[in-house]
Amino acid sequence: MLPRDLKAEQFASYPPQARALALAHLDALQQLPLSFLPSLLREVIDYDYKFPAERVAIDRELANLSSLSPAQMTDWFHAFAQFSLSPKLESFDWINRPAQFVEQLSAYLWTTHQLDGFRQAATVYGDRLRAAKPPEVIPVRRLGIAVIGQGVTAYDAPLFRNLRPHGAYFAHVKPENGLQLLLSAVAARAKAHPVPYGHWYVDGGQQADHSPSLTCVSYHALEPTRAALLRKIQAEIQRPGMGPEELSTHLARLVPADLGMDESGDAVLNRFQIKLLTEGSGTQIFSTTFAQWAAREALRRAQSLTLLVRFAPRQRQKPMNELLSSSQGNVEFDLTGSLVDADMGAYYNWLNQQRLPGAENSAFLVWFEGHSQALVIGPSVPRGTESTTVADLGELLALATT
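Residues numbered from 1 in each chain as written. Predicted model: local features only at pLDDT ≥ 70, side-chain atom pairs only at ≥ 80, totals over all residues. Heavy atoms only, no water.

Novice: Outline the side chain of His-25, listing residues and values.
Specialist: Within the fold, His-25 resides in the loop between α1 (16–24) and α2 (26–30). A polar atom in the side chain of His-25 sits 3.5 Å from the backbone oxygen of Leu-62. When residues no more than four places from it in sequence are discounted, the contact partners of His-25 are Leu-62, Ala-63 and Ser-66. (Helix = DSSP H or I, 4+ residues; strand = E, 2+ residues; numbered from the N terminus. Polar contact = N/O pair within 3.5 Å; in protein donor to acceptor, adjacent residues only side chain to side chain. Contact = heavy atoms within 4.5 Å.)

What follows is the structure, encoded as structure tokens:
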């Protein structure tokens, strides 16, 4: 079936809000080429479980498509219409399984040497869409915080080397009540700017006491879910014929109830956490990877205004079969290795923050937990400098956000 043959009843299995959205823009969907439409439906079908920022982006994109004249539609999607697709793809149930279609489409475009052209067409489309619908102005300067090195008593090598050219290094920070100061500051921002899913606290270990106004995700709280997932992975990889692609497809279909999550909880956040564990490589077994991926996705998907990420010690490397076992007994932690991982993770957090609207005015702080080293990045902070000023973390935050 091709998009022009779409009918309203074919969206019957979509969640309520997604179905209503698809039907409201059915005329526009019918005009899109098959090489493009499933990528859009992949987002639409999960609309009910998207963050507000994602819903706004989908709404704006569909509104733009519906506003295009037939001639404009042809102009915008001429490049996509030129790609040849196999009969297998055309007969695939791309309406109800758009994500799986996109996976197969990528493989087919690669084998037929069309992938580079497709990427170019997608880039041009994205540029045109951003020009037609520029991002909204955010209500407050974006702030990122990374807390690294939990449990490390001493470390002599230089920290924050990748971030130092972009901000000021402080070597005499007062570490007392540091985490509490940071959490209080984040809570104050959430109270002053109450945006749903706008203020996050991600912990790679056990979460500290925090304000309920923060959206919180922690590695420790998801321990039962991670164990259930690892059992499923173990069961699946022992099945004959189960390869990486088949396993990935199986994991993509899991929903919170499949892993024992409370169905009465926050449906949007539960889906987010499931995707962290099923789409992230190593998020099920390494706390530093979990914290890094959760931060990345909170920025990319929720476009968080405030994001505090606290890295915790991860377990030492072991053979993969042992790591995938949900019953490993006593876990041995690699404190120094975790600090090195987190130091790089903080840099990635800053890079991901820079990809969002308002990046030129954003602020960032990274602190070696329990110690006197920190680094601050902000519009008024001189770059590539070192300070001997004695200050607490509250004062550093004020410097970053001034």
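Novice: An account of the sheet that holds strand β10 (residues 374–377) is requested, with residue identities and associated values reported.
Specialist: Within a beta sheet, neighbouring strands are joined by backbone hydrogen bonds and run either parallel or antiparallel to one another. On the basis of which strands lie adjacent, the open sheet formed by 8 strands has the order β5-β4-β6-β1-β9-β10-β2-β11 and mixed pairing. Of all strands in the sheet, those with a lone pairing partner are β5 (215–218) and β11 (385–387), marking the two edges. Going across the sheet, the axis of each strand differs from the next one's by a mean of 15°, ignoring polarity. As judged from the 4 bridges shared by strand β9 (residues 363–368) and β10, these two strands associate in the antiparallel manner. Within β10, the residue paired with Trp-367 across the bridge is Ala-374. Of the strands in this sheet, β1 (143–148), β4 (199–203), β6 (306–310) and β9 are in contact with helix α9 (residues 178–192), which crosses β6 at around 155°. Lying over the sheet, helix α12 (residues 267–279) contacts β4 and β5, oriented at roughly 30° with respect to β5. (Pairing = 2+ DSSP bridges. Axes fitted to C-alpha atoms, helices over the stretch in contact; angles between N-to-C directions.)

Novice: Pulling in residues and values, what's your account of the pairing of β1?
Specialist: Within β1, 6 of the 6 residues are buried, leaving the element largely enclosed by the surrounding structure. Burial of the side chains of β1 extends over both faces: Leu-143, Ile-145 and Val-147 are buried on one face and Gly-144, Ala-146 and Ile-148 on the other. Pairing analysis gives 5 bridges linking β1 to β6, with the strands arranged parallel. The partner of Gly-144 across the bridge, within β6, is Leu-307. In terms of strand pairing, β1 meets β9 through 6 bridges, oriented parallel. In the sheet register, Ile-145 faces β9, and the bridge partner there is Leu-365. (Buried < 20%, exposed > 50% of the residue type's maximum accessible area, 1.4 Å probe, protein only.)

Novice: I'd like to hear about the pairing of β4, residue by residue, with values.
Specialist: Each regular strand displays side chains that alternate between the two surfaces of the sheet. Burial runs high along β4: 5 of the 5 residues are buried. Of the two faces of β4, the one carrying His-199, Tyr-201 and Asp-203 and the one carrying Trp-200 and Val-202 are both buried. Looking at chain direction, β4 and β6 are connected through 5 bridges and run parallel. Residue Tyr-201 lies in a different strand from β6, and its bridge partner there is Leu-308. Relative to β5, β4 runs parallel, the two sharing 4 bridges. Residue pairing in the sheet places Tyr-201 in a bridge with Cys-216 of β5.

Novice: Let's hear about the domain arrangement of the protein chain: which residues, and what values?
Specialist: Parsing the protein chain into structural domains produces domain 1 (3–132) and domain 2 (143–401). Computed over C-alpha atoms only, the centres of domain 1 and domain 2 are separated by 32 Å. Contacts between the two partners involve 12 residues from domain 1 and, on the opposite side, 14 residues from domain 2. Carbon and sulfur atoms make up 58% of the area that domain 1 and domain 2 hide from each other, which totals about 1,100 Å². For the domain 1 face of the interface with domain 2, the top three residues by lost area are Tyr-49, Phe-51 and Gln-100, together amounting to 54%. The tally of links from domain 1 across to domain 2 stands at 1 salt bridge. Between the two partners, domain 1 and domain 2, sit 1 residue pair in polar contact (both at pLDDT 80 or more). (Domains from an automatic or database assignment. Buried area = accessible area lost by both parts, 1.4 Å probe. Salt bridge = Lys/Arg side-chain N within 4 Å of Asp/Glu carboxyl O.)

Novice: Please give an account of the environment of Thr-336 that cites residues and values.
Specialist: Residue placement: Thr-336 occurs in helix α15 (residues 335–354). We classify Thr-336 as partly exposed; its relative accessible area is 42%.

Novice: Describe helix α4 (residues 52–67), naming the residues involved and giving the relevant values.
Specialist: For α4, built from 16 residues, the straight-helix expectation of 22 Å at 1.5 Å per residue is met to within 8% by its first-to-last C-alpha distance of 22 Å. Of the positions making up α4, those classed as buried are Glu-54, Arg-55, Ile-58, Glu-61, Leu-62, Asn-64 and Leu-65. (Expected span 1.5 Å × (residues − 1).)

Novice: Give me the lowdown on the nonpolar core, citing residues and values where you can.
Specialist: In terms of nonpolar packing, the biggest core is built from 52 residues, with Ile-148, Phe-160, Leu-163, Trp-200, Val-217, Leu-307 and Val-366 touching the most fellow members. Among the elements that line this core, the one with the most residues is helix α13 (residues 287–302), at 7 residues. Apart from residues lying up to four places away in sequence, Trp-200 is in contact with Phe-51, Val-186, Thr-215, Val-217, Leu-269, Phe-272, Ala-298, Ala-302, Ser-304, Thr-306, Leu-307 and Leu-308. Membership of the second largest hydrophobic core comes to 40 residues, among which are Leu-37, Ile-58, Phe-77 and Leu-115. (Core = buried A, V, L, I, M, F, W, Y, C linked by side-chain atoms within 4.5 Å.)

Novice: Give a description of the pattern of salt bridges that names residues and reports values.
Specialist: This structure, assessed with the given rule, holds 19 salt bridges. Of the charged contacts in the structure, one is a salt bridge between Glu-297 and Arg-300, with a shortest N-O distance of 2.7 Å. On the criterion of helical spacing, the pair formed by Glu-297 and Arg-300 is a turn pair, its members being 3 residues apart in helix α13. With a relative accessible area of 4%, Glu-297 lands in the buried category. On the accessibility criterion, Arg-300 (48% relative accessible area) is partly exposed. Asp-341 is the partner of Arg-314 in a salt bridge, and the nearest nitrogen-oxygen pair spans 2.5 Å. Of the two residues, Arg-314 is situated in strand β7 (residues 314–315) and Asp-341 in helix α15; the sequence distance between them amounts to 27 residues. Through salt bridges with shared partners, one network takes in Arg-42, Glu-43, Lys-50, Glu-54 and Arg-301.

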